[in-house]
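Coordinates in review
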Amino acid sequence: MTIINDRLLKALRLEPVDRPPVWLMRQAGRYLPEYLQVRAEAGSFMDLCRNAELASEVAMQPLRRYPLDASILFSDILTIPDAMGLGLQFVSGEGPVFERPVKTLRDIEKLPSPDVHDELGYVMDVVRAMRVKIGQDLPIIGFSGSPWTLACYMLEGQGTRDFATARSWLWRAPQALQQLLDKLVITVTDYLAAQAEAGVDVLMLFDTWGGLLSEAHYRKFSLQPMANIIAQLKSRHGCSLPVILFSKGCHTQIDEMLKSGCAGLGVDWRISIDAALRQAGGRVAVQGNLDPTALLAEPAAIRQIATEQFAAAVSQPGFIFNLGHGIMPQVPPDNVSCLLDTVHALSARQ
Ligand code: 1CP
C-alpha cells in the first residue's frame with residue numbers, strides 16, 4: 001500500500017520533494033494539555049503505552065494540531081529492558097527507574113531474550129491502532145533505543161547526568177558490556193522487524209547517549225551494534241525499511257555513521273545543518289537540527305531561527321526538518337505552531 005504523503009519516504013530515498021518533510025521528535029507528549037488529560041485517564045505512563053486505544057490517540061494529537069509529514073509510534077525506548085525483566089517504573093518528577101538494574105556479569109548472562117511478539121505485543125497493537133486512525137495518509141515511524149543507550153539505563157538503573165556507573169563498564173568489564181550489547185542487538189532487531197510487520201514505514205534508532213563516549217568507544221560500543229542491527233534486519237528478517245540513526249552529540253563521527261547502512265542521519269544542533277548535509281554528501285538523508293530550547297523564545301525569534309535553518313538546508317537533497325532533540329515539556333504549543341507555520345510559509349515561497 002502506498003502512503004499518500006510520502007515526502008519523508010522520498011527524502012530518505014534522496015528523491016526530489018516539493019518541500020522538505022517536517023516532523024518533530026517527541027511531537028506527542030507532556031507539552032500538550034490534551035496529552036496530560038489522556039495520561040491521567042490511563043493511570044501511569046506505562047499503562048498508557050500498554051493501551052492501544054489511548055496510545056494511538058495521543059500519537060494522533062500533534063497531527064490534529066499541526067501540519068506534520070510523519071507520525072511516530074507512541075511508546076518508549078525502555079520497553080525492551082522492561083520486557084527483559086528489569087521492572088520499569090515511572091516515578092513522577094523523577095523519570096524512569098528500574099527495580100532490578102543489571103549489576104553483575106551473572107545478571108547479564110541470566111537476562112532473557114524476550115519473544116517480542118509475546119512480551120512486546122502491546123507495542124505492535126499500538127502500531128496497528130495507529131494505522132487504522134491514520135489510514136494511508138502519513139508514514140508511521142517505528143523506533144527502538146540503541147543497544148548502548150538501553151545499556152546505559154539498564155546498568156545505571158535510571159537516567160543520570162553522566163551515566164558514570166554505565167560508563168565504568170567500558171573500563172572495568174568491556175567484555176561483559178559487549179555481551180550485554182550483543183543480547184540487545186538480537187532483541188532490538190526482532191523488535192524493529194515486528195514493528196515493520198505490524199505496519200510502520202520507517203525505523204529510527206535513538207542513541208541519545210552515544211555522545212557520552214570517546215570516538216573509539218562510540219565506534220565499538222554504540223555505532224557497531226547499530227550497524228549490526230541494520231544488517232540483521234535485512235539478513236534475518238528480509239526487512240528493507242529505511243533506518244534513521246540518531247546519535248546525539250556525535251557529529252564528529254558522521255563519516256563513520258555513513259558506513260552503517262542507515263538511510264538517514266539525525267543530527268543535533270552542535271553542527272550546522274548545511275555542514276551536516278555537505279558531509280552526508282547526498283549519500284544519506286539528514287534530519288534535524290534546531291535546538292529545542294529555541295521553542296522557548298519569542299515568536300519573532302522562532303521565525304528568524306527557522307528561516308535561517310531553512311535557507312541553509314532547503315536546496316540539498318534528503319533534508320528532513322526536525323529538532324536536534326525532543327520537544328521539552330515546558331514548550332508552549334503555540335510556539336510549535338509558530339515554528340511549523342514559518343517552515344510551511346517558506347516552503348510555499350520556494
Ligand atoms: O510523564 C510522562 O507522561 C512520560 C513522558 C514520556 C513520553 C511522552 C516518556 C518518559 N517517554 C515518552 C514518549 C517517547 N519516548 C517517545 C514517543 C513520543 C514522540 O516522539 O512523539 C519516544 C520516541 C521516546 C524515546 C525516548 N525515551 C528516548 C530517546 C529520545 C530522547 O528523547 O532522547 C529516551 C532517552 C527515553 C527515556 C525516557 N522516557 C521518558 C523519559 C522522561 C525519558 C528520559 C529519561 C532521562 O531523562 O534520562
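Residues numbered from 1 in each chain as written. Predicted model: local features only at pLDDT ≥ 70, side-chain atom pairs only at ≥ 80, totals over all residues. Heavy atoms only, no water.

Some thoughts on empty space enclosed by the protein
Going by this rule: A 1.4 Å probe that fits but cannot get out identifies a cavity on a 1 Å grid over protein atoms alone, an open set with protein on both sides within 12 Å along at least five of seven lines counts as a pocket, and a residue lines either if it has an atom within 4 Å of a point. Grid points are joined across faces, edges and corners, and a volume is the space filled by probe spheres set on the points. When residues are sorted by character, Ala, Val, Leu, Ile, Met, Phe, Trp, Tyr, Cys and Pro go into the nonpolar class, Asp, Glu, Lys and Arg into the charged class, and all the rest, Gly among them, into the polar class.
Counted by the stated rule, this structure contains 1 cavity of 30 Å³ or more. By volume, the largest cavity is sized at about 40 Å³. What lines the largest cavity is Ser247, Lys248, Gly249, Cys250, His251, Ile254, Met257, Gly266, Val267 and Asp268. Across the lining of the largest cavity, the residue classes break down as 4 nonpolar, 4 polar and 2 charged.

Focus: the site of the ligand
What counts is decided by this rule: For this purpose, a residue is taken to be near a molecule or strand whenever a single non-hydrogen atom of the residue falls within 4 Å of it. Between N or O atoms, a polar contact is any pair within 3.5 Å; within protein, one atom must be a potential hydrogen donor and the other a potential acceptor, and residues adjacent in sequence are included only when both atoms are from side chains. The Shrake-Rupley method, run with a 1.4 Å probe sphere, supplies the accessible areas, and residue values consider only the shown protein chains as cover.
As a matter of local geometry, the ligand sits amid 22 residues, with Tyr35, Arg39, Asp76, Tyr153 and His325 nearest to it. Thr208 places a polar side-chain atom, nitrogen or oxygen, 2.7 Å from an oxygen atom of the ligand. Expressed as a share of its isolated accessible area of 900 Å², the protein-covered part of the ligand is 87%. Among the residues making up the shell around the ligand, the classes are represented as 12 nonpolar, 6 polar and 4 charged.

A short note on the packing of aromatic side chains
Put simply, the rule is: Aromatic rings from Phe, Tyr and Trp, taking only the six-membered ring of Trp, are treated as a pair when their centres fall within 6.5 Å; an angle between ring planes under 30 degrees marks them as stacked, one over 60 as edge-to-face, and anything in between as tilted. Only DSSP runs of H or I covering at least 4 residues are called helices, and only runs of E covering at least 2 are called strands; the numbering of each starts at the N terminus. The rule is simple: take the accessible area with a 1.4 Å probe, protein chains only, and divide by the maximum for that residue type; under 20% is buried, over 50% is exposed, in between is partly exposed.
Applying the stated rule across the entire model yields 8 aromatic pairs. Their ring planes at 75 degrees and their centres at 4.7 Å tell us that Phe45 and Phe90 sit as a pair that is edge-to-face. With Phe45 in helix α3 (residues 45-49) and Phe90 in strand β2 (residues 88-91), the pair connects residues that are 45 residues apart, well separated along the chain. We classify Phe45 as buried; its relative accessible area is 15%. For the pair Phe163 and Trp209, a centre-to-centre distance of 5.0 Å together with 45 degrees between the ring planes defines the contact as tilted. A residue pair is termed long-range when its members are at least 10 positions apart, and Phe163 in the loop between α9 (147-156) and α10 (164-172) and Trp209 in the loop between β5 (202-207) and α12 (215-237) qualify at 46 residues. Trp209 carries the same exposure label as Phe163, and that label is buried. Grouping aromatic residues by their ring pairs yields a cluster made of Tyr35, Phe45, Phe74 and Phe90.

Some details on the pattern of salt bridges
The line we're drawing: Think of a salt bridge as a Lys or Arg side-chain nitrogen and an Asp or Glu carboxyl oxygen that are within 4 Å of each other.
If you walk through the whole model with that rule in mind, you get 17 salt bridges. We note a salt bridge from Asp69 to Arg19, for which the minimum N-O separation is 2.8 Å. Taken together, the residues span a long stretch of sequence, with Asp69 in the loop between α4 (52-65) and β1 (71-72) and Arg19 in the loop between α1 (7-12) and α2 (33-42) at a distance of 50 residues. The class of Asp69 is buried, set by a relative accessible area of 2%. Close ionic contact of Glu256 with Lys259 constitutes a salt bridge, the shortest N to O distance being 3.2 Å.

Topic: the sheet that holds strand β4 (residues 140-145)
One key point about sheets: their strands pair by backbone hydrogen bonds, in either a parallel or an antiparallel sense. Test applied: The criterion for strand pairing is that DSSP finds at least two bridges linking the strands in question. Only heavy atoms matter for contacts: two residues are in contact if any of them lie within 4.5 Å across the pair. Here an angle of 0 to 180 degrees is reported between the N-to-C directions of two axes, which are lines fitted to C-alpha atoms, with helices fitted over the stretch in contact.
Pairing in this open sheet of 7 strands is parallel, and the strands run β1-β4-β5-β6-β7-β8-β9 from one edge to the other. Of all strands in the sheet, those with a lone pairing partner are β1 and β9 (319-323), marking the two edges. Both β1 and β4 contribute to a ladder of 2 bridges, which runs parallel. Following the sheet pairing, Ser71 is matched in β4 by Ile140. Helix α8 (residues 121-134) contacts β1 and β4 of the sheet and is inclined by roughly 160 degrees relative to β4. Here helix α15 (residues 299-313) sits on the sheet in contact with β8 (285-290) and β9, set at roughly 155 degrees to β9.

Structural notes on the pairing of strand β3 (residues 95-98)
One ladder, built from 4 bridges, connects β2 with β3; its direction is antiparallel. Each bridged residue has a counterpart across the sheet, and for Phe90 the counterpart in β3 is Pro96. The turn linking β2 back onto β3 is made up of 3 residues, and Gly93 within it adopts a positive phi angle of 85 degrees.

Some details on α9
Extensive coverage of α9 is indicated by the burial of 10 of its 10 residues. Every buried residue of α9 is listed here: Pro147, Trp148, Thr149, Leu150, Ala151, Cys152, Tyr153, Met154, Leu155 and Glu156. A positive backbone phi angle near 90 degrees is found at Gly157, which sits one or two residues after α9.

Description of the layout of surface pockets
The probe, sized like a water molecule, is rolled over the atoms to show the empty space still left. Estimates place the volume of the largest pocket at around 1300 Å³. If you trace the largest pocket, you find 43 residues lining it, with Arg26, Arg30, Asp76, Phe90 and Pro96 closest to the centre. Taken together, the elements giving at least two residues each to the lining of the largest pocket come down to α2, β2, β3 and α9. Tallied by class, residues from the lining of the largest pocket come to 23 nonpolar, 15 polar and 5 charged.

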